[in-house]
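This is what each chain is made of:
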Amino acid sequence: MDRFDWFKSISIAEIHRFIKDGREEDLHLDFKLANKPDLDRDDRKNFAKAVSGFANSDGGLIVWGVDCRKNSDGVDCASGAPGVEKLSKFHSRIMEFTASAANPSVSGVEHRSLPDSSGGDHGFVVTYVPASDGGPHMAKLCEDRYYKRSGASFLKMEHFDIADMFGRRPKPKIVLSYEIARPSQFGRDIKISFYLVLENQGRSSARAPQLSIRAIEPFNVDMFGADGNYNHGLTYRYDPRVGIHRFSGSGEILLHPSASLTVTRISTLRAPESGPVSDLNIEYGLCAMDMPLEESKLVIPASELKTPG
């Protein structure tokens, strides 16, 4: 069972077993007392530290309403379950503080209320914090520090920890590929064409993708565009001085992970008796924000660029 499944299935009975068994906190489990239903300063700081620490590490669960302290053997473990008073108010307030608990905000944080059998507004709240690829995340709500989870504690991150996380932030990775279009008849000539497609194989969205290709005789950028209505996937401009076709995306264009974008259609007209063209080598440059310029060559075999029959 992964941590999110555990979060969805955890019950009052399991929380009471924590007390009976003297469950210790660990890398993925933390116990917190709730001081005030509207979250006082200490509650907010504890919440922010936990969101930052779990998100910057491997994720985890916070169980609110459980007292964790040293037992007779000097081991920190669950020792009591006073629960959360005014459960509905506490749940509402922690939801309000979730987006502002860390900077940048941590996506995917969820909370569950577990009312007990007393019939009143009393019980426990369980918070799920996923590990994040978008870090490092600074704890806010009067903290303004970075935390990580180490063992059963949230520790302040050192400068080298933070620098390392910034270096490991996910980045976009755009690759150029092609899709062969069905040949079509123009008079007695055959139109052979293919689409140039950008695909983001990275773990972060690519903003403002840019593609440039050199002139590719006997092929050219199709005058009818990528969609047949004179539109390309990115803004198109031809630079005749250097023979380069440029396709540019503004800062508002995002190519999300695993998403693809058809940029343009490349075509040529061939007489049936002229036979196939040779292998096509397309020299290109490709970049985006947070992705340095990559210059390479796309090869399309002649066997794929043949006229029908």
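You'll find the structure just up there.
Residues numbered from 1 in each chain as written. Predicted model: local features only at pLDDT ≥ 70, side-chain atom pairs only at ≥ 80, totals over all residues. Heavy atoms only, no water.

1. Quick look at the overall build of the protein
- For the protein, the count of helices and strands is five helices and 22 strands.
- The C-alpha radius of gyration of the protein comes to 29 Å, more than 25% above the 19 Å expected for a compact globule of 309 residues.
- On the principal axes, the C-alpha backbone points of the protein span a range of 90 × 40 × 30 Å.
- Each of the 309 residues in the protein was classed as buried or not, and the buried ones make up 43%.
- Restricting to contacts in the protein with at least 6 residues of sequence separation, those with at least 24 account for 71%. (Helix = DSSP H or I, 4+ residues; strand = E, 2+ residues; numbered from the N terminus. Rg over C-alpha atoms; globule rule 2.2 N^0.38 Å. Buried < 20%, exposed > 50% of the residue type's maximum accessible area, 1.4 Å probe, protein only. Contact = heavy atoms within 4.5 Å.)

2. What to know about the pairing of strand β20 (residues 260-270)
- As judged from the ten bridges shared by strand β14 (residues 189-200) and β20, these two strands associate in the antiparallel manner. Opposite Phe-194, over in β20, you have Ile-266 as the bridge partner.
- Two elements, strand β16 (residues 220-221) and β20, share two bridges in a ladder whose sense is antiparallel. What sits directly across from Asn-220, in β20, is Ser-267. (Pairing = 2+ DSSP bridges.)

3. A few points about the sheet that holds strand β6 (residues 102-103)
- In spatial order, the strands read β6-β9-β10-β11; together these four strands make up an open sheet with antiparallel pairing. Unpaired on one side and paired on the other, β6 and β11 (153-156) mark the two borders of the sheet.
- Note that strand β10 (residues 145-150) and β11 share four bridges and pair antiparallel. Its bridge partner lying in β11, Lys-148 is registered against Leu-155.

4. Remarks on the packing of aromatic side chains
- For the structure on display, the rule yields ten aromatic pairs.
- For the ring pair Phe-194 and Phe-219, a centre distance of 5.6 Å and an interplane angle of 55 degrees mean the geometry is tilted. Separated by 25 residues along the polypeptide, Phe-194 in strand β14 and Phe-219 in the loop between β15 (206-214) and β16 bring together distant segments of the chain.
- The exposure class of Phe-219 is buried, given its relative accessible area of 1%. (Phe/Tyr/Trp six-rings, centres within 6.5 Å; stacked < 30°, edge-to-face > 60°.)

5. Quick notes on the pattern of salt bridges
- The final tally for this structure, using the stated rule, is 15 salt bridges.
- Residue Glu-283 pairs with Arg-214 through a salt bridge whose shortest N-O separation is 3.4 Å. Remark: Arg-214 occurs in strand β15 and Glu-283 occurs in strand β21 (residues 280-289); sequence separation between them is 69 residues.
- A relative accessible area of 38% places Glu-283 in the partly exposed class.
- Ionic pairing is found between Asp-239 and Arg-246, a salt bridge with its closest N-O pair at 3.8 Å. (Salt bridge = Lys/Arg side-chain N within 4 Å of Asp/Glu carboxyl O.)

6. Observations regarding the state of the cysteines
- Counted under the stated rule, the structure contains zero disulfides.
- The thiol of Cys-68 is unpaired, and the distance to the nearest cysteine sulfur, on Cys-77, comes to 6.4 Å.
- The exposure class of Cys-68 is partly exposed, given its relative accessible area of 22%. (Disulfide = S-S within 2.5 Å.)

7. Observations regarding helix α4 (residues 87-98)
- Counted at 1.5 Å a residue, the expected span for α4 with its twelve residues is 16 Å, and the 17 Å between its end C-alpha atoms agrees.
- As for α4, its buried residues are in contact with α3 (41-55), β2 (60-64), β5 (84-85), β7 (110-115) and β8 (122-129). (Expected span 1.5 Å × (residues − 1).)

8. Considering the nonpolar core
- The biggest cluster of nonpolar side chains holds 28 residues, and the ones touching the most others in it are Phe-194, Leu-198, Leu-211, Ile-213, Phe-219 and Ile-282.
- Elements supplying a minimum of two residues to this core: β12 (174-180), β14, β15, β20, β21 and β22 (291-300).
- Aside from chain neighbours lying at most four places away, what touches Phe-219 is Ile-192, Phe-194, Ile-266, Ser-267, Thr-268, Val-277, Leu-280 and Leu-305.
- Membership of the second largest hydrophobic core comes to 24 residues, among which are Ala-48, Val-51, Phe-97 and Phe-154. (Core = buried A, V, L, I, M, F, W, Y, C linked by side-chain atoms within 4.5 Å.)

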